[in-house]
2 protein chains.
Amino acid sequence: MNAAVGLDDPAYRAAAVDLLGVLAYGELSAFHRLASDAALAPTISDQAALAAMAVAEFRHFVRLRDRLADLGVDPEGAMRPFVASIDGFHESTAPSDWLEGLMKAYVGDGVGADFYREVARVLDPETQALVLDVMADTGHSAFVVATIRDAIAEDPRVAGRLALWGRRLVGEMLSQAQRVAAERDGLSALLVGDVAGGGALPGFDLAEIGRMLARLTEAHTRRMQALGLSA
Amino acid sequence: MNAAVGLDDPAYRAAAVDLLGVLAYGELSAFHRLASDAALAPTISDQAALAAMAVAEFRHFVRLRDRLADLGVDPEGAMRPFVASIDGFHESTAPSDWLEGLMKAYVGDGVGADFYREVARVLDPETQALVLDVMADTGHSAFVVATIRDAIAEDPRVAGRLALWGRRLVGEMLSQAQRVAAERDGLSALLVGDVAGGGALPGFDLAEIGRMLARLTEAHTRRMQALGLSA
């Protein structure tokens, strides 16, 4: 990004606070949902594996929340605008069994990491370092991939159902993301890199958001193919 | 304990594995229940505070599970005998609101720590060190005490309801503990210290278990009084 634009620019700062807020609440609610979905696990070890993913999300939450506090921002206030969208996503995608829960963890982890990577490019160095560092602490998905592949090998009909579920998950995720972007102009401008362009926030560019979402969707498709699923 | 009795004594070893199994599953299920109960929180910060308690329980679980694996024991098999009792406890004590959830976290944390302290006295040095170390990582309850005191100050009628709930929680906990003790002779003998007596496991002594449970109940009563509640 343009080195001239940083946290001393009020528009950039507001957008960065929005971003940290949405990521923080996203991580906290991922923690709760994964911890609840772990109740669907067939064995105690599976339950513990999903719980470990949940705990990793909580660690991410703590770092993002602490960054907000360091910036002198009330974390609660920064997160609140995103509660309805994120809770809405989880309510509309409650898994009905263990494999759907695993798929949700896998898709969420993957799309989340891609989104962090996209957004890191347009951040000031300090916030960028935090976001990249938080993102690096994933990689719990090897367990998910192995378990889903085993389930498909055992009963090939599972593949069709999970492919459908994967499409539904990413569709709901994108529709909530579009909603957030439409409501938060500063955040959208930050995401498409307009802040870096000239130090001003020229407003909400739907086309640019669309292209970023297309990249996220393509990466999702490759991950589904890696599972042997059509996306 | 008698230095002559250790993990090379098959009866002691079986009892120690039972103990690590019940503690491990207790921690894992405490993690899940606290993470779920956090959904009842009135603010995101309160939700995060309960989530942090849940994450601490998960850390305990990991250490106990890893200890079982180090002993060459399948952790899943060691935990399975205790799933019905512990799940039964949680099902019969699902909190109906945020304050009940907090009370459950506080009572569970307190009674749990006391139980760890009781049981540590009769363990071999290595297992003892682990149990004491896991126990030392609590102390999240300051947040709970402050929140419950505030709620009572705001509406004194809350005190009666929470006192009743506290009695119910500890009653259910003791009744499940009695059930576990009755089913697992080796574990009971370990708990009452008979292993230390002569290297043999003379069987299940209900009177001794009763005295330990009385000590746990007295400590619980003092904690309720510290909250301004009758126990």
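Residues numbered from 1 in each chain as written. Chains lettered and ligands numbered in written order. Predicted model: local features only at pLDDT ≥ 70, side-chain atom pairs only at ≥ 80, totals over all residues. Heavy atoms only, no water.

Peer 1: Mind showing me how you'd approach the packing of aromatic side chains here?
Peer 2: Aromatic ring pairs are reported here in terms of the distance separating the ring centres and the angle at which the planes meet. Summed over the entire model, instances satisfying the criterion amount to 6 aromatic pairs over all chains. Ring centres of F31(A) and F31(B) lie 5.9 Å apart, and the angle between their planes is 85°; on these two criteria the pair is classed as edge-to-face. Note that F31(A) is positioned in helix α1 (residues 10-37) and F31(B) in helix α1 (residues 10-37), a pairing that runs across two chains. When the ring of F31(B) is compared with that of F58(B), the centres are 5.4 Å apart and the planes differ by 55°; the resulting orientation is tilted. Within this pair, whereas F31(B) is found in helix α1, its partner F58(B) is found in helix α2 (residues 44-70), the two being separated by 27 residues in sequence. An aromatic cluster of at least three residues, connected via ring pairs, comprises F31(A), F58(A), F61(A), F31(B), F58(B) and F61(B). (Phe/Tyr/Trp six-rings, centres within 6.5 Å; stacked < 30°, edge-to-face > 60°. Helix = DSSP H or I, 4+ residues; strand = E, 2+ residues; numbered from the N terminus.)

Peer 1: Sorry, what's going on with the relation of the copies chain B and chain A here?
Peer 2: One chain copy maps onto the other through a rotation about an axis and a shift parallel to that axis. Rotating chain B by 180° about the axis while translating it 0.0 Å along that axis superimposes it on chain A, leaving an RMSD of 0.0 Å. The relationship between the two copies is best expressed as a two-fold rotation axis. (Least-squares fit on C-alpha atoms with pLDDT ≥ 70 in both.)

Peer 1: When you look at the interface of chain B and chain A in this model, what are you seeing that I'm missing?
Peer 2: By convention, interface size is frequently given as the accessible area that disappears when the constituent parts associate. Each side of the interface is counted separately: chain B has 23 residues, and chain A has 23 residues. Overall, the association of chain B and chain A removes approximately 1,800 Å² of surface from exposure, summing both partners, and the carbon and sulfur fraction of that is 72%. Taken as a group, H32(B), I44(B) and E76(B) account for 33% of the area that chain B buries against chain A, more than any other trio of residues on that side. There are 0 salt bridges connecting chain B and chain A. Taken together, chain B and chain A are joined by 6 residue pairs in polar contact (both at pLDDT 80 or more). Residue contributions to the side of chain B that touches chain A peak at 11 residues, all from α2(B). (Contact = heavy atoms within 4.5 Å. Buried area = accessible area lost by both parts, 1.4 Å probe. Salt bridge = Lys/Arg side-chain N within 4 Å of Asp/Glu carboxyl O. Polar contact = N/O pair within 3.5 Å; in protein donor to acceptor, adjacent residues only side chain to side chain.)

Peer 1: I'm lost on the side chain of H220(A) in this one. Help?
Peer 2: Residue and element names in this part refer to chain A. Within the secondary structure, H220 is located in helix α11 (residues 206-226). Among the residues examined, H220 registers a relative accessible area of 3% and is labelled buried. Filtering out sequence-adjacent residues up to four positions away, H220 remains in contact with V107, V111, G166 and V170. (Buried < 20%, exposed > 50% of the residue type's maximum accessible area, 1.4 Å probe, protein only.)

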